[in-house]
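Each chain, written out:
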Amino acid sequence: MLRHMAGEYLNHKLECPFCGVIRLQIPADAQPTTLIHCAECGKYLGTWDELQTDFESQGGSDGVFRLDKGRIRKLNSSR
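Residues numbered from 1 in each chain as written. Predicted model: local features only at pLDDT ≥ 70, side-chain atom pairs only at ≥ 80, totals over all residues. Heavy atoms only, no water.

Q: Any details on the overall build of the chain? Residues and values, ideally.
A: Of the regular secondary structure elements, the chain holds one helix and five strands. Here the chain holds 79 residues, and 32% of them are scored as buried. By sequence separation, contacts in the chain at least 24 residues apart represent 33% of the contacts at least 6 residues apart. Summed over its atoms, the accessible surface of the chain is roughly 5500 Å², and 52% of this surface lies on carbon and sulfur atoms. (Helix = DSSP H or I, 4+ residues; strand = E, 2+ residues; numbered from the N terminus. Buried < 20%, exposed > 50% of the residue type's maximum accessible area, 1.4 Å probe, protein only. Contact = heavy atoms within 4.5 Å. Areas by Shrake-Rupley, 256 points an atom, 1.4 Å probe, with all protein chains shown as cover.)

In structure tokens form, the structure reads like this:
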């Protein structure tokens, strides 16, 4: 199994702990309490609010990202 440097890939609540990818089923009308599931395996990941908060806590609103084989890779940060 490949290991990556801490902070290189976003994970926590965004990455499915069951199948290891970041692929979310997000309804067009998602509200903060909307339940979000993995689009790959269907497992529950958290509420829309929890997932957005987690993304922001990992620098999701700051930097450049690339989708890399089902995972979101942070390329740089202005912090």
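Q: Quick rundown of the sheet that holds strand 1 (residues 24-25)? Include the residues and the values.
A: With antiparallel pairing, the three strands of this open sheet are ordered in space as 1-2-3. Single-partner strands in this sheet number two, and they are strand 1 and strand 3 (44-47). Pairing geometry for strand 2 (residues 35-38) and strand 3, over three bridges, is antiparallel. Bridging across to strand 3, L35 finds its partner in T47. Running over the sheet, helix 1 (residues 48-57) touches strand 1, strand 2 and strand 3 and is turned about 85 degrees from strand 3. (Pairing = 2+ DSSP bridges. Axes fitted to C-alpha atoms, helices over the stretch in contact; angles between N-to-C directions.)

Q: For the pattern of salt bridges, give the residues involved together with the corresponding values.
A: By the definition in use, this model includes one salt bridge. Its salt-bridge partner being E40, residue R23 comes within 2.7 Å of it at the nearest N-O pair. With R23 in the segment before strand 1 and E40 in the loop between strand 2 and strand 3, this pair connects stretches of sequence that are 17 residues apart. For R23, a relative accessible area of 45% puts it in the partly exposed group. (Salt bridge = Lys/Arg side-chain N within 4 Å of Asp/Glu carboxyl O.)

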